[in-house]
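Take a look at the letters that make up each chain.
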Amino acid sequence: MGEVSTVVDKKALPDVDRANLDVFSNTLQELASTDRQILVVTSDSRGSGKLGPFGQKYPAQHIEIGIAEQNLVGVAAGLASTGKKVFAVSPACFLTARSFEQIKTDVAYSDNPVKLIGISAGVSYGALGSTHHSLHDFAALRAVHNLMVVAPADNFETEQAIRQAAELDHPIYIRFGKKPMPLLSEANQAFAFGKGRIINQGDDLVLIATGETVYPALLAAHKLEALHDIKTTVISMHTIKPLDYDLLATVAAKGCPILTVEEHSVFGGLGEACASFLIQNGFRNRFRIMGIPDEYTVTGSQIEIFNHYGLSEEGITNEAQILLDL
């Protein structure tokens, strides 16, 4: 159904790699070994944030606040105001809800370049129930001015995001899940905040995903090609804000349907950010948002919740077929 220039060879895709949180921890340790300005502040989250080794190696660069997320952000903002490179690490569900006022006022509105790290994001804590789901963070933090919002998809994006965030003189929120993630592409190794990363290219359909939903979107693209010869562009839109409007306009200009996929509520996240831009700029592509619907969210593992809501290879494939009238 169209020409394709593929940057990912499915057969060449490596097996599952490390969890992004492991890469986050290892990268921070490497940076801290030569930069004493790097500080890590945690809210009883050293273990879940994979920061035990960091604390052992650099005890003078680690501050434990305890289960007091609002204090965590306030302390991090104060340290950042003195020139420290501060990574404030806490479960995303609590960091972005309990500490929303501090993120808004102490970090973003005061222009303190804190690196807010939301761990176990989305439904990574799925079995613990809705109180531990972070399905609101994109929506809440997109509405806060002067704050970047990022969700790396694989180990490469994670390492680059942490290295670049360490030198960023700007507030940023980065969210991570828990499960091991495969390297998505060895061909496209460019990463920059605010610039989406093309993982696969095609002219029949566009799949735009972020974080841990990018991999099932890529698998769905391969399945659509095998079943129907559908050539799909897959984009890792790792930066939710600022969104890569240039890339979005370029792929929308082809006129093919667009499907967004996110481990987040269908309200206020990646999908609605893309839809707003497209509508306001005159694009009329067939468009659909995949995410968690407005209901009492089911409890289970991340995989079980993904399967329940269709955020899986099979679910994304089925939704794409509906969008394409197949």
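Placed above this text is the structure.
Every chain begins its residue count from 1, and numbering advances along the sequence as written. Totals for whole chains, interfaces and linings use every residue, but because this is a predicted model, local features are given only for residues with pLDDT of at least 70 and side-chain atom pairs only at 80 or more, for both listing and counting. Hydrogens are left out, water is left out, and the side-chain values use all remaining heavy atoms of the structure.

1. A closer look at the sheet that holds strand 8 (residues 205-209)
Strands qualify as paired when DSSP identifies two bridges or more between them. What counts as a helix is a DSSP run of H or I of at least four residues, what counts as a strand is a run of E of at least two, and both are numbered from the N terminus. With mixed pairing, 5 strands are arranged side by side in an open sheet as 7-9-8-11-12. Sheet topology places strand 7 (197-200) and strand 12 (287-292) at the edges, where each strand pairs with a single neighbour. Strand after strand, the sheet turns through a mean of 25° between neighbouring axes, direction not considered. Judged from the 4 bridges that link them, strand 8 and strand 11 (residues 258-265) form a sheet pairing that is parallel. Across the sheet, the residue bridging to Ala209 is Val261, located in strand 11. Contacts were defined at the residue level, with two residues in contact if any of their heavy atoms lie within 4.5 Å. Axis definition: a line fitted to C-alpha atoms, over the contacting stretch in the case of helices. Angles run 0 to 180 degrees between N-to-C directions. Where helix 10 (residues 270-280) meets the sheet, it contacts strand 8, strand 11 and strand 12, and its direction lies at approximately 140° from that of strand 11. Sheet strands touched by helix 12 (residues 313-323): strand 8, strand 11 and strand 12. Its angle to strand 12, the strand with the most contacts, is close to 155°.

2. Notes on the nonpolar core
Throughout, nonpolar core names a set of buried Ala, Val, Leu, Ile, Met, Phe, Trp, Tyr and Cys residues whose side chains join them through atoms within 4.5 Å. A 1.4 Å probe rolled over the protein chains alone gives each residue an accessible area, and that area as a share of the maximum for its type sets the label: buried under 20%, exposed over 50%, partly exposed in between. Val114, Leu116 and Ile208 are the most contacted members of the largest nonpolar core, which has 40 residues in total. Contributions of two or more residues to this core are made by helix 3 (69-81), strand 3 (85-91), helix 4 (92-95), helix 5 (100-108), helix 6 (137-142), strand 8, helix 9 (245-252) and helix 10. With sequence-adjacent residues up to four places away left out, Ile208 is seen in contact with Ile235, Met237, Leu248, Ile258, Leu259, Thr260, Val261, Leu270 and Cys274.

3. Details of the pairing of strand 1 (residues 38-42)
Among the 5 residues in strand 1, 5 count as buried, and that is most of the element. Neither face of strand 1 is open: one carries Ile38, Val40 and Thr42, the other Leu39 and Val41, and all of them are buried. The sheet contact formed by strand 1 and strand 3 spans 5 bridges and is parallel. Within strand 3, the residue paired with Ile38 across the bridge is Lys85. Relative to strand 2 (residues 62-64), strand 1 runs parallel, the two sharing 3 bridges. Within strand 2, the residue paired with Val40 across the bridge is His62.

4. Things to note about helix 11 (residues 302-309)
Considered for burial, the residues of helix 11 that qualify are Gln302, Ile305, Phe306 and Tyr309. Projection of helix 11 onto a plane perpendicular to its axis shows the buried side chains occupying an angular sector of 100°, all on one side. Facing away from the buried surface of helix 11 by more than 90 degrees, the exposed residues are Ile303 and Glu304. On the buried face of helix 11, the contacting elements are strand 11 and strand 12. Of the residues flanking the end of helix 11, it is Gly310, one or two places downstream, whose phi is positive at about 80°. An arc is given here, and it is the one of the directions from the helix axis to the C-beta atoms.

5. Description of the side chain of Asp204
Its location among the elements puts Asp204 in the loop between strand 7 and strand 8. The side chain of Asp204 is buried and forms no salt bridge, while Lys231, the nearest opposite charge, is found at 6.7 Å. By the criterion applied in these results, polar contacts are pairs of N or O atoms within 3.5 Å in which, for protein atoms, one can donate a hydrogen and the other can accept it, and in which residues neighboring in sequence qualify only through two side-chain atoms. A polar atom in the side chain of Asp204 sits 2.8 Å from the backbone nitrogen of Lys231. Residues scored as positive are Lys and Arg, those scored as negative are Asp and Glu, and His as well as the terminal groups of each chain are ignored. For this document, the term salt bridge refers to a Lys or Arg side-chain nitrogen within 4 Å of an Asp or Glu carboxyl oxygen.

6. Some remarks on the packing of helix 9 against helix 10
The angle between the axes and the distance between the axes are what describe a pair of packed helices. In the contact formed by helix 9 and helix 10, the axes pass within 11 Å of each other and the chain directions differ by 65°. Looking at the two axes, helix 9 sits roughly perpendicular to helix 10. In the packing of helix 9 onto helix 10, the handedness of the crossing is right-handed. Contacts between helix 9 and helix 10 involve Tyr245, Leu248, Ala249 and Ala252 on the former and, on the latter, Cys274, Phe277 and Leu278. Residue composition of the contact of helix 9 with helix 10, grouped by class: 7 nonpolar, no polar and no charged. In what follows, roughly perpendicular refers to angles from 65 to 115 degrees, roughly parallel to angles under 35, roughly antiparallel to angles over 145, and oblique to any angle outside these ranges. Crossings are classed by handedness, with left-handed meaning an anticlockwise turn of the near helix from the far one by less than a right angle and right-handed meaning a clockwise turn. In this classification, Asp, Glu, Lys and Arg are treated as charged, Ala, Val, Leu, Ile, Met, Phe, Trp, Tyr, Cys and Pro as nonpolar, and every other residue, Gly included, as polar.

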